[in-house]
Amino acid sequence: MSNPWARWLAVHDTALFQLSRKVGWDAFVNAAPRPDFPTLTIAEMADLGPEEAEDYGEARIVWNANPPTVRTQQLASAYQVIDEVMASNRRDADKLRGSVVIDAEPYLGKTTIATRYARDFHRRIYRRYGHTTAEGNQRLPVAFVPLNEGITLKGLNQKLLEFYGHPAARRGSRTELTALAIDCVASCDTRLIVIDELHFVDFAGRHGTEVSNHLKGLANELPVTFIYVGVGLRERRFFDEGLHGDQAVLAQTSRRATRCPVVPFTTGTDAGARAWATLLATLEPHYKLARARPGMLTDHADLLHRRTQGRIGSLTALLDGACARAITTGTEVLDADVLSSVRIDNAAERLSHSA
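- Labelled according to an unreviewed UniProt entry, the chain appears under the name ATP/GTP-binding protein, originating from Ornithinimicrobium avium.

1. Describing the packing of helix α5 (residues 73-86) against helix α6 (residues 110-129)
Here is step 1 of the chain: One can describe the packing of α5 onto α6 by two numbers: an axis separation of 11 Å at closest approach and a directional angle of 50 degrees. As summarised for this structure, α5 and α6 are arranged oblique, according to the angle between their axes. The handedness of the crossing between α5 and α6 comes out as right-handed. Within the contact between the two elements, α5 uses Q74, L75, A78, Y79, I82, D83 and M86 and α6 uses I113, R116, Y117, D120 and F121.
Here is step 2 of the chain: Looking at the contact of α5 with α6 residue by residue, the classes come out as eight nonpolar, one polar and three charged.

2. Regarding the nonpolar core
Here is step 1 of the chain: Of all hydrophobic cores here, the largest spans 62 residues; its most connected members are I102, Y164, I195, L198, F226 and I227.
Here is step 2 of the chain: With seven residues, the top contributor of residues to this core is α6.
Here is step 3 of the chain: Looking at this core, you find at least three residues from each of domain 1 (4-68 + 266-350) and domain 2 (73-261).
Here is step 4 of the chain: Ignoring any residue separated from it by four or fewer positions in sequence, one finds I227 in contact with I82, V100, I102, A114, Y117, L192, I193, V194 and I195.
Here is step 5 of the chain: Counting 27 residues, the second largest nonpolar core, distinct from the first, contains L279, L297, A326 and I327.

3. What to know about helix α4 (residues 50-64)
Along an α-helix, a turn takes 3.6 residues, which lines up residues three or four apart on a common side.
Here is step 1 of the chain: Between its first and last C-alpha atoms α4 spans 21 Å; for 15 residues at 1.5 Å apiece the expected length is 21 Å, and the two agree.
Here is step 2 of the chain: Tucked inside the fold, the buried residues of α4 contact α1 (4-12), α3 (42-46) and α13 (312-329).

Thresholds, definitions, all that
Residues numbered from 1 in each chain as written. Predicted model: local features only at pLDDT ≥ 70, side-chain atom pairs only at ≥ 80, totals over all residues. Heavy atoms only, no water. Axes fitted to C-alpha atoms, helices over the stretch in contact; angles between N-to-C directions. Helix = DSSP H or I, 4+ residues; strand = E, 2+ residues; numbered from the N terminus. Parallel < 35°, antiparallel > 145°, perpendicular 65-115°, else oblique. Left-handed = near helix turned anticlockwise from the far one by under 90°. Contact = heavy atoms within 4.5 Å. Nonpolar A, V, L, I, M, F, W, Y, C, P; charged D, E, K, R; others polar. Core = buried A, V, L, I, M, F, W, Y, C linked by side-chain atoms within 4.5 Å. Buried < 20%, exposed > 50% of the residue type's maximum accessible area, 1.4 Å probe, protein only. Domains from an automatic or database assignment. Expected span 1.5 Å × (residues − 1).

Next up, the structure:
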């Protein structure tokens with residue numbers, strides 16, 4: 001195969017691993033950065049054959065859609081909170097550990113914070129202790145469990161067992177599934193469990209109460225730290241376990257869990273404007289466009305903030321689409337016209353027009 005971009009895509013195209021399965025999580029943990037490739041000039045692109053031009057454009061879209069995780073102030077602050085709570089992870093098994101609750105509005109990078117922290121932790125444990133436990137089992141320092149709407153206690157156990165690939169994930173009573181889940185966590189020396197999309201639990205309902213109590217039970221029985229991720233968890237009474245009034249002070253979760261909020265970027269202060277500009281300047285060199293230039297993003301900092309309201313998820317979605325448009329239209333630069341015309345998520349579009 002003489003086409004270098006087809007060869008690159010054959011190995012480095014979009015990674016389709018499933019984080020909710022151990023095979024996919026392990027692939028995510030061990031994935032190496034994509035190798036870079038040269039950005040061609042307009043003249044060099046004109047010399048490409050039709051298939052080469054198509055594959056070069058596709059390779060750039062894949063590359064542009066996967067920028068490195070930027071250590072923003074939000075990410076650094078969240079890591080500090082998690083690090084401090086994770087100090088309790090070093091307690092002996094007879095002592096209770098704390099938990100972290102990454103609680104924020106949508107599109108602020110909550111899951112990215114949790115998965116990147118968990119990946120770093122997973123890699124450190126592998127480096128120190130190897131991939132196999134003393135008993136000869138596969139070591140899985142982290143389990144990642146995303147929830148879905150209407151999740152029940154049994155459903156939570158099934159999802160945990162599905163992560164480990166247990167053949168009995170869809171069989172057995174609630175009690176049997178709980179015992180199997182605990183055995184998987186213990187056998188694989190799992191030390192950190194990330195529960196994503198926790199807002200799907202209705203903590204005021206019966207199933208929500210059961211799930212809340214079950215999570216507390218797992219925290220009591222297992223020597224692991226939990227990171228919970230969700231939208232509006234304080235308002236959904238996760239910390240109060242659905243209790244109200246005087247009963248709310250009896251909620252154990254409120255004492256055991258540390259809330260870690262994530263906020264959007266603001267440009268109303270000098271410090272906020274600098275942080276936003278720094279983020280854009282850090283992302284800018286990543287994008288492969290023939291007419292890319294320094295200041296391509298920072299010169300449009302106000303436009304980008306107005307369109308995204310400072311939400312990292314909306315920003316990356318806008319830049320993904322803008323790069324794809326710049327490539328397919330031959331514009332080959334992110335200018336005000338491209339950045340203004342790309343459609344993004346409904347909330348960002350609505351709020352940008354009302355600003």
